[in-house]
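What the coordinates show
One-letter residues, chain by chain:
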There are 2 protein chains.
Amino acid sequence: MKLVESVPNFSEGRDEEKVIKIIEAAQKYEKVKILDWSMDHDHNRSVVTLIGEPNEIENALFDMVKVATELIDLRTHKGEHPRMGATDVIPFIPVMNTKMEECIEISKRLGERIGNELNIPVYLYEKSATSPERENLSKIRKGEFEGFFEKIKDPKWKPDYGPSEVHPSAGVVAVGAREYLIAFNVNLGTDNIEIADKIAKAVRHISGGFRYVKAMGVELKEKGIVQVSMNLTNYKKSPIFRVFEAIKREAQRYGVPVINSEIIGMIPLKAAIEAMKWYIQLDDFDESRVIENKILNTFFE
Amino acid sequence: MKLVESVPNFSEGRDEEKVIKIIEAAQKYEKVKILDWSMDHDHNRSVVTLIGEPNEIENALFDMVKVATELIDLRTHKGEHPRMGATDVIPFIPVMNTKMEECIEISKRLGERIGNELNIPVYLYEKSATSPERENLSKIRKGEFEGFFEKIKDPKWKPDYGPSEVHPSAGVVAVGAREYLIAFNVNLGTDNIEIADKIAKAVRHISGGFRYVKAMGVELKEKGIVQVSMNLTNYKKSPIFRVFEAIKREAQRYGVPVINSEIIGMIPLKAAIEAMKWYIQLDDFDESRVIENKILNTFFE
């Protein structure tokens, strides 16, 4: 069985009835499952996590965008989180027996349908991007909904699909394929935020660290400690264990212990297996030798 | 979905046709899958690994035992491995959404049917054992097929189910529930077998080490190194990572490096997750947050 994950973000975080209607649009697909969804009042934004068979998840996402376009009006939308569309962004992530290339194809087919059938300008981002400056979502989103009416006139920002005019109420949308993102935090036995900042700087890509690590120092005031808070944007190339060991070594430099660490949300099996393999020095082992994974691939082909 | 594993051992390792007929008896059950099977000529024994829905795997095992009873005659059986029955031993192991108690119940129901319907004396062993001296399989099997005609007359060795006389051609059988067993070896950068023996002694239960570790030193002559070869009989209580770290520390004592390690066969997801958690100091994490496991439990209930 092939499975793809998608984590669409919708610009509605206050009216639960609307969010549920968007989710219901996906629930009629038998081979699509909602793993999780959440609303954020301050951000005025909701995030849904779905997993499904490639064709069905593509259709489910189209139906969700259609409902979101009917229910959400960006002309009256206010929230802390930057946004440019009623459906703001739709990433596709390969999770089981699928390759990045297949997710890129799904994103392109869905983008074309959203452009043609719903009249919303579509930007392909990350691995689906048609030029380097469109890889980074925040660069596409810069100026937000309100700024896009001007931005879209710039030939550099001609949409990949759909009309060359912003949809009056639904704005524009970014669709793309990306790697699974792991949110990983390491807690330090100190309340000195400077140390967390220095360690974050040492391990993050932008200041000379690991290629696929974004990091910043964060104060956890109620606990009286600080944290190195990270996104690992490619856990295969900048793996959890290597980043963790680097942080532990940096913390030693300041005489500070690592208290514990936390993973927010879910991880792919491979991320856990690679950590085990590295620490107990296994050379010949992979996910196919985990019973639950074998069951998944044997019982459900 | 509930799943149980079973790894029955049959006393036929030379006639492939017979072994395939035994396996075919299980293949007619839709919710039972053969994960693996192997024959050993010298041992004259075959081992089959199945996973299945609790009721179906119980019925599949009964059918396999029935076919093995028809095809295998222990009066003419010779092989290096000790054996007491045509079907020698049937363990049941909880693998998905099942508890040890359920495996104990399955073993008892199957044992009763084998005793009553096939007229084979049955001994419950390991977690299913009805007295402490029946927990250990090798104690039950002592004397083997040939010795059992006398042994069974001892009131201490009255079978748990079935007749009080050995089946003339199929002998007796042990049925029981047990924990998943992990075969784990650590390779050392030396050809000195004494060091491997000393480390094995340090970590194994029998000589003062971990409660659920069996270990011995082994020479890998073609590689010019030695190995600490282990069975972890309860990976939850004597976990891989703790045993590995103890071995690494013992090896340091002799100035010997750990070159690498190997896991033979498969492991449960939990064993890998616990290793990752320990090394990267995760406090709040479990298998339910691994995507593949979530898929398994969401798509296939």
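Note that the coordinates shown come from a computational prediction; the quantities given were computed from them, not determined experimentally. (Residues numbered from 1 in each chain as written. Chains lettered and ligands numbered in written order. Predicted model: local features only at pLDDT ≥ 70, side-chain atom pairs only at ≥ 80, totals over all residues. Heavy atoms only, no water.)

With that settled, the discussion passes to the packing of aromatic side chains. Scanning the entire structure with this criterion turns up 11 aromatic pairs over all chains. Between Y123 of chain A and F148 of chain A the ring centres are 5.4 Å apart and the planes differ by 50°, which places this aromatic pair in the tilted class. Taken together, the residues span a long stretch of sequence, with Y123 of chain A in strand β6 (residues 122-126) and F148 of chain A in helix α5 (residues 144-151) at a distance of 25 residues. Accessibility assignment for this pair places Y123 of chain A and F148 of chain A in one class, buried. A centroid spacing of 4.3 Å and a plane angle of 5° characterise the contact between Y279 of chain A and Y279 of chain B, whose relative ring orientation is stacked. Of this pair, Y279 of chain A sits in helix α8 (residues 269-279) while Y279 of chain B sits in helix α8 (residues 269-279), on two different chains. Three or more aromatic residues joined by ring pairs make a cluster, and in this case those are F241, W278 and Y279 of chain A together with F241, W278 and Y279 of chain B. The ring of Y212 of chain B carries R211 of chain B above its face, with NZ or CZ at 4.7 Å from the centroid. (Phe/Tyr/Trp six-rings, centres within 6.5 Å; stacked < 30°, edge-to-face > 60°. Helix = DSSP H or I, 4+ residues; strand = E, 2+ residues; numbered from the N terminus. Buried < 20%, exposed > 50% of the residue type's maximum accessible area, 1.4 Å probe, protein only. Lys NZ or Arg CZ within 6 Å of the ring centre and 35° of its normal.)

Bringing the UniProt feature "domain: Formiminotransferase N-terminal subdomain" (unreviewed entry) in chain A into the picture now. Here the UniProt-annotated "domain: Formiminotransferase N-terminal subdomain" (unreviewed entry) positions come out as residues 2-179 of chain A. For residues 2-179 of chain A, the end-to-end C-alpha separation is 16 Å, with 35% helix and 24% strand making up the annotated structure. (UniProt positions renumbered as here; feature names shortened; annotations may be inferred.)

On to the relation of the copies chain A and chain B, then. For the pair chain A and chain B, the best superposition has an RMSD of 0.1 Å and corresponds to a rotation of 179° with a translation of 0.0 Å parallel to the axis. Both chain copies can therefore be described as sitting about a two-fold axis. Within chain A, the C-alpha atom positioned nearest to the axis of rotation is that of M276 of chain A, 2.6 Å from it. Take the interface residues of chain A: 100% of them recur as interface residues in chain B, which is what a same-surface contact looks like. (Least-squares fit on C-alpha atoms with pLDDT ≥ 70 in both. Contact = heavy atoms within 4.5 Å.)

Now for α5 of chain A. Residue and element names in this part refer to chain A. Among the residues of α5, F145, F148 and K151 are the ones counted as buried. Buried positions in α5, seen along its axis, are confined to an arc of 110° and lie on one side of it. Where the residues of α5 are buried, they touch β6 and α4 (137-141). (Arc of directions from axis to C-beta.)

In this section: a negative patch on the surface. A contiguous patch of negative charge, built from D191, E194, D197 and E219 of chain A, is present on the exposed surface. Relative to the elements of secondary structure, D191 of chain A occurs in the loop between β8 (182-188) and α6 (193-203). (Patch = residues over 30% accessible without salt bridge, like charges linked within 9 Å, V, L, I, M, F, W, Y side chains within 5 Å. Areas by Shrake-Rupley, 256 points an atom, 1.4 Å probe, with all protein chains shown as cover. Salt bridge = Lys/Arg side-chain N within 4 Å of Asp/Glu carboxyl O. Lys, Arg positive; Asp, Glu negative; His and termini not counted. Charge placed at Lys NZ, Arg CZ, Asp CG, Glu CD.)

By size, the foremost hydrophobic cluster in this structure holds 102 residues, and its most contacted members are L188 and M230 of chain A together with L188 and M230 of chain B. Contact partners of L188 of chain A, with chain neighbours within four places excluded, come to I195, A196, I199, I225, V226, V228, A251, V256, P257, V258 and I259 of chain A. (Core = buried A, V, L, I, M, F, W, Y, C linked by side-chain atoms within 4.5 Å.)

A few words on the sheet that holds strand β8 (residues 182-188) of chain B. Two orientations exist for strands paired in a sheet by backbone hydrogen bonds: parallel and antiparallel. Residues and elements named next belong to chain B. The antiparallel open sheet is built from four strands, whose spatial order is β9-β10-β8-β11. The sheet is open, and its two borders are formed by β9 (213-220) and β11 (258-264), each paired with just one other strand. Ignoring which end each strand starts from, the neighbouring axes of this sheet average 20° apart. Across seven bridges, β8 lies against strand β10 (residues 225-232) in antiparallel orientation. The partner of N187 across the bridge, within β10, is Q227. (Pairing = 2+ DSSP bridges. Axes fitted to C-alpha atoms, helices over the stretch in contact; angles between N-to-C directions.)

Let us now look at the interface of chain A and chain B. Taken residue by residue, the interface counts 49 residues in chain A and 50 residues in chain B. When the two sides are added together, the surface that chain A and chain B hide from each other amounts to roughly 4,400 Å², 73% of it contributed by carbon and sulfur. Contact with chain B buries surface across chain A, with I280, I291 and F299 of chain A losing the most and accounting together for 15% of the total. Inspection of the region where chain A meets chain B yields zero salt bridges. (Buried area = accessible area lost by both parts, 1.4 Å probe.)

All names here are of chain A. Taken together, four strands build an open sheet; the order of strands is β9-β10-β8-β11 and the sheet is antiparallel. Each edge of the open sheet is held by one strand with a lone partner, namely β9 (213-220) and β11 (258-264). Between one strand axis and the next, the sheet turns by 20° as a mean value, whatever way the strands run. Inspection of the sheet shows β8 paired to β11 by six bridges, in the antiparallel sense. Counted as the bridge partner of A183 is I264 from β11. Seen against the sheet, helix α7 (residues 240-253) touches β8, β9, β10 (225-232) and β11 and runs at an angle of roughly 20° to β8.

Moving on: the packing of helix α2 (residues 54-71) of chain B against helix α3 (residues 100-118) of chain B. All names here are of chain B. Taken N-terminus to C-terminus, the directions of α2 and α3 make an angle of 30°; their axes are 10 Å apart at the nearest point. As for how α2 packs across α3, the hand of that crossing is right-handed. In contact with P54, N55, E58, N59, L61, F62, V65, K66 and T69 of α2, α3 contributes I106, R109, L110, R113, I114, E117 and L118. (Left-handed = near helix turned anticlockwise from the far one by under 90°.)

We now examine empty space enclosed by the protein. Residue and element names in this part refer to chain B. Within the structure shown, the criterion is met by two cavities of 30 Å³ or more. When its volume is computed, the largest cavity comes out at roughly 40 Å³. If you trace the largest cavity, you find it lined by Y235, P239, I240, F241, K270, A271 and E274. Looking at the lining of the largest cavity, the element that brings in the most residues is α8, giving three residues. (1 Å grid on protein atoms, 1.4 Å probe; cavity = no way out; pocket = protein on both sides within 12 Å on 5 of 7 lines; lining within 4 Å. Points joined across faces, edges and corners; volume = space filled by probe spheres on them.)

What follows concerns the domain arrangement of chain A. Bring the parts together and some accessible area is lost; that lost area is often taken as the interface size. Domain boundaries assigned for chain A yield domain 1 (3-177) and domain 2 (182-267). The straight-line distance from the C-alpha centre of domain 1 of chain A to that of domain 2 of chain A is 30 Å. (Domains from an automatic or database assignment.)

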